Amino acid sequence: MIINIRNKFSSPKQLITFAVAVLVGVLVLLPLMWMFATSLRVPQESLRLPPSLIPKLPLLWSNYGKVFTTLPFFKFFINSFTVAFVAMCIQLFFSAMAAFALVRIPFKGAQMVLLLILAGMMVPAQVTIIPLFIMMSKIGLYDSLYALILPNMVFPLAVFLLRQFMATIPLSYDEAAYMDGAGRFTIFFQIILPMVRSSLAVAGIMHFLLVWNDFFRPLIFITSQRYMTLPLGLYTLNGFMGNGSTSVILAGVVLSIIPPALLYAFGQKYIIEGTAAGGIKG
Amino acid sequence: MKQSNKKDALIFLGPTFLTYVLFLYIPILFCFYLAFTKYDIISASEFVGLKNFTRLFTYSRTPKIYANTLKLVVMLVTMHTVFGLFLALLVRSLAHGTQHVFRFLYYFPCILTTASVAIAWRYIFNKDLGIINYFLSQVGVDAIPWLNDPFWVYGTIAIFSLWKFAGNAFLYFYIGLGNIPITYYEAARIDGANPFTVFKHITFPLLTPTIFFVVLNLFIASSQIFDEPFFLTGGGPGDATRTLNLYIYETAYREFNFGYSSAIAISLFVLLAVFTLIQLNVSKKWVNYDY
């Protein structure tokens, strides 16, 4: 055993760095382990000490069933998904069109337009939320999924990412297609869009996560339970229910973080790329 | 062709232009307008001049709220930068195969829903039933009032914020370190430089653009901090952790004082813009872009 470790770590210094890295990893995982282990406990004893970090028998998977029967979890889930998915699709389509105009159609003021779009990244949410709240109330969209979808169509990072990638495609593609009689829309849909698939994935995943995880806008725009998204719904219900149902709430918490966790597991490459690209803008 | 260029650009930019005007530009202008009015959404708005701003600068509660925000900004920017850089250096010094595992793990909390995990963390910080105090009691430390002591609540916010978001600074530093040409390190190794010299003369200077970017981003994010006090402390005890953004939220949606609330939002916006410009200017003195 000792020989094995010696082989793997050439020096004691490397062993120490590895040990520290593992320790930090454990600290990252501990709260999540507690969350999961507690979500499988008898609800009345959710918080009884000693706490569990590793699920103890009997495993109460029924808590997960209760998430669907005693909480309107499914409704929250559908709302979250609808808002994030619809906002993402529309936003990606619009942003791709804008990026296309910015780098593949020569026109005066392109630089100015880009600056105006990117300036959106600097505006605190608090500045626009009050006017948006008033606007939504006045046009009757307050307390509906529209109030969440519409303002979320503004996502400057997507325009930035797509523009950057489209700029690397040689203009000769457009010219050749133009010679063959293709119009702007044909060039956009059949040549450029297929070539920027990976940037669309990066911008799409980043945006989906952002909207899925958003708590602030639903908090302001939604009051009826039937329109609540997952974060707001769980938060509100947690306030209503006593400590006697903590494990059911935690089961809901665990379920609610599965979609972003899955996106991360399978789209890690895109998320890292999106984060890194966000770094260039500075 | 020229004619159609202009027309096509308009067509392709149209949808984005429309959504940005409706949901970004008009709201910004509207916010500036509201800041000079008294408005509660039910009765008509009334122009009050600078009254909202004078109230903001004379009200006895506001200095504390600005001070809280500043305190959190200084604390969080420092901690995230130092800890993020530490983690990045740590992971970069591991064997190549294991780096990806730790990068995956350390960034993981960043993609999780803040509201969801904050629900769990409130139980974790619970004074009598939480696991932190349970583990501390095992080593003989008395229960710490994490959620309702004006001193400890800052520790609570720091712990949660680091657990949830340190992965961001880590990832930027991890990528930044990877962009430093390896030849510099090889040259230093041949010259027999020790690790501290290498950090001082190679890693740090070449990492300054990333450090600057991380600090600026952290500054922008933490000056707008809302989630941590909202979920963990509710701004309390008293006003101990009430931040500007929380105060904006409360004046708007609990007191329906939209004019005053907009004035505070504008003050945050202006402060943010001024500090960002200052940082951009100061950065020219210490950030090294040529390598």
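Counting from 1, residues in each chain are numbered in the order their sequence is written. Think of it this way: whatever chain is written first is A, whatever ligand is written first is 1, and the rest follow in order. Local features are withheld for residues below a pLDDT of 70 in this predicted model, meaning they are given only at 70 or higher, and side-chain atom pairs are given and counted only at 80 or more; totals for whole chains, interfaces and linings count all residues. Excluded from the side-chain calculations are hydrogens and water; all other atoms, namely the structure's heavy atoms, are used.

**Details of the side chain of Ser 222 of chain B**
Test applied: Helical segments are the DSSP runs of H or I of at least four residues, strand segments are the runs of E of at least two, and each set is numbered from the N terminus. Here's how the labels work: a residue is buried when its accessible area is under 20% of the maximum for its type, exposed when over 50%, partly exposed in between, all with a 1.4 Å probe on protein chains only.
With respect to the helices and strands, Ser 222 of chain B occurs in helix α9 (residues 195-223). Residue Ser 222 of chain B is classed as buried on the basis of its relative accessible area, which comes to 7%.

**Concerning the packing of helix α3 (residues 62-69) of chain A against helix α14 (residues 246-256) of chain A**
Residue and element names in this part refer to chain A. Basically, it comes down to this: As a rule, the C-alpha atoms of each element are fitted with a line to give its axis, helices using only the stretch in contact, and angles between N-to-C directions run from 0 to 180 degrees. Geometric relationships in this document are graded by angle, where less than 35 degrees denotes roughly parallel, more than 145 denotes roughly antiparallel, 65 to 115 denotes roughly perpendicular, and other angles denote oblique. Contacts between residues were defined by any pair of non-hydrogen atoms, one from each residue, lying within 4.5 Å. For this classification, the nonpolar set comprises Ala, Val, Leu, Ile, Met, Phe, Trp, Tyr, Cys and Pro, the charged set comprises Asp, Glu, Lys and Arg, and every other residue, Gly included, is treated as polar.
One way to put it is that α3 packs onto α14 with a least axis distance of 8 Å and a crossing angle of 85°. Our classification of the angle between α3 and α14 gives roughly perpendicular. Listed contacts from α14 to Asn 63, Tyr 64, Lys 66, Val 67 and Phe 68 of α3 are Ser 247, Val 248, Ala 251, Gly 252, Val 254 and Leu 255. Taken together, the residues of the contact of α3 with α14 break down into 7 nonpolar, 3 polar and 1 charged.

**Quick word on helix α5 (residues 114-124) of chain B**
Residue pairs spaced three or four apart in an α-helix point in one direction, given the helix's 3.6 residues per turn. For α5 of chain B, a buried count of 10 out of 11 residues is recorded, marking the element as mostly surrounded by other parts of the structure. Inspection of α5 of chain B places Thr 114, Ala 115, Ser 116, Val 117, Ala 118, Ile 119, Ala 120, Trp 121, Tyr 123 and Ile 124 of chain B among the buried residues, and these make up the whole buried set.

**Observations regarding the domain arrangement of chain A**
Interface size is commonly expressed as the accessible area that is lost once the parts come together. Going by this rule: Domain ranges listed in this record stem from an automatic or a database domain assignment.
Under the domain assignment used here, chain A contains domain 1 (2-65) and domain 2 (71-240). One C-alpha centre belongs to domain 1 of chain A, the other to domain 2 of chain A, and the line joining them spans 37 Å.

**Some details on the interface of chain B and chain A**
To be explicit about the condition: In short, buried area is how much 1.4 Å probe accessible area vanishes from two parts on joining, totalled over both. Here, a salt bridge means any Lys or Arg side-chain nitrogen found within 4 Å of an Asp or Glu carboxyl oxygen. Polar contacts, as used here, are pairs of N or O atoms within 3.5 Å; protein pairs need one atom able to donate a hydrogen and one able to accept it. Residues neighboring in sequence count only if both atoms are side-chain atoms.
Counting residues at the interface gives 76 residues for chain B, matched by 92 residues for chain A. Summed over both partners, the interface of chain B with chain A buries about 7,800 Å², with 78% contributed by carbon and sulfur atoms. On the chain B side of the interface with chain A, the three residues burying the most area are Phe 12, Phe 23 and Tyr 123 of chain B, jointly 11% of the side's total. Across the contact surface, chain B and chain A share 1 salt bridge. The salt bridge partner of Arg 184 of chain A is Asp 8 of chain B, with a shortest N-O separation of 2.7 Å. At the junction of chain B and chain A, the tally comes to 15 residue pairs in polar contact (both at pLDDT 80 or more). Among the elements that make up the side of chain B that touches chain A, the one with the highest residue count is helix α1 (residues 2-34) of chain B (20 residues). When grouped by side-chain class, the residues that make up the side of chain B that touches chain A number 59 nonpolar, 14 polar and 3 charged.

**Digging into the nonpolar core**
For clarity, the cut-off: In this text, buried Ala, Val, Leu, Ile, Met, Phe, Trp, Tyr and Cys residues form a nonpolar core when linked through side-chain atoms within 4.5 Å.
Membership of the largest hydrophobic core comes to 181 residues, with the highest contact counts inside it found for Trp 34 and Phe 221 of chain A together with Tyr 106 of chain B. Taken domain by domain, this core gets at least three of its residues from each of domain 1 (2-65) and domain 2 (71-240) of chain A. Contact partners of Tyr 106 of chain B, with chain neighbours within four places excluded, come to Ala 21, Val 22, Val 24, Gly 25 and Val 28 of chain A together with Leu 87, Leu 90, Val 91, Gly 167 and Phe 170 of chain B. Of all hydrophobic cores here, the second largest spans 8 residues; its members include Met 75, Leu 76, Tyr 154 and Ile 157 of chain B.

**Side note on the packing of aromatic side chains**
So the rule is basically this: Pairing of aromatic rings covers Phe, Tyr and Trp, the last counted by its six-membered ring, and requires centre-to-centre distances within 6.5 Å; plane angles under 30 degrees mean stacked, over 60 mean edge-to-face, and any other angle means tilted. A positively charged side chain is recorded as over a ring if its NZ (Lys) or CZ (Arg) lies within 6 Å of the ring centre. The angle to the ring normal must also be within 35 degrees.
Under the counting rule described, the total for this entry stands at 60 aromatic pairs over all chains. Ring centres of Phe 100 of chain A and Phe 12 of chain B lie 4.8 Å apart, and the angle between their planes is 40°; on these two criteria the pair is classed as tilted. Of this pair, Phe 100 of chain A sits in helix α4 (residues 73-104) while Phe 12 of chain B is found in helix α1, placing the two residues in two different chains. The exposure class of Phe 12 of chain B is buried, given its relative accessible area of 1%. When the ring of Phe 185 of chain A is compared with that of Phe 12 of chain B, the centres are 4.9 Å apart and the planes differ by 25°; the resulting orientation is stacked. Of this pair, Phe 185 of chain A sits in helix α10 (residues 184-195) while Phe 12 of chain B is found in helix α1, placing the two residues in two different chains. For Phe 185 of chain A, a relative accessible area of 39% puts it in the partly exposed group. When the ring centre of Tyr 59 of chain B is taken as origin, the NZ or CZ atom of Arg 55 of chain B, which lies over that ring, is 5.2 Å away.

**With respect to the side chain of Asn 63 of chain A**
Residues and elements named next belong to chain A. Positionally, Asn 63 belongs in helix α3. Within the structure, the side chain of Asn 63 is placed 2.8 Å from the backbone oxygen of Ser 39, a separation counted as a polar contact. When sequence neighbours within four positions are dropped, the list of residues in contact with Asn 63 reads Ser 39, Leu 40, Arg 41, Pro 43, Ser 247, Val 248 and Ala 251.

**Regarding α14 of chain A**
Extensive coverage of α14 of chain A is indicated by the burial of 11 of its 11 residues. Residues of α14 of chain A that are buried include every one of Thr 246, Ser 247, Val 248, Ile 249, Leu 250, Ala 251, Gly 252, Val 253, Val 254, Leu 255 and Ser 256 of chain A, and no others.

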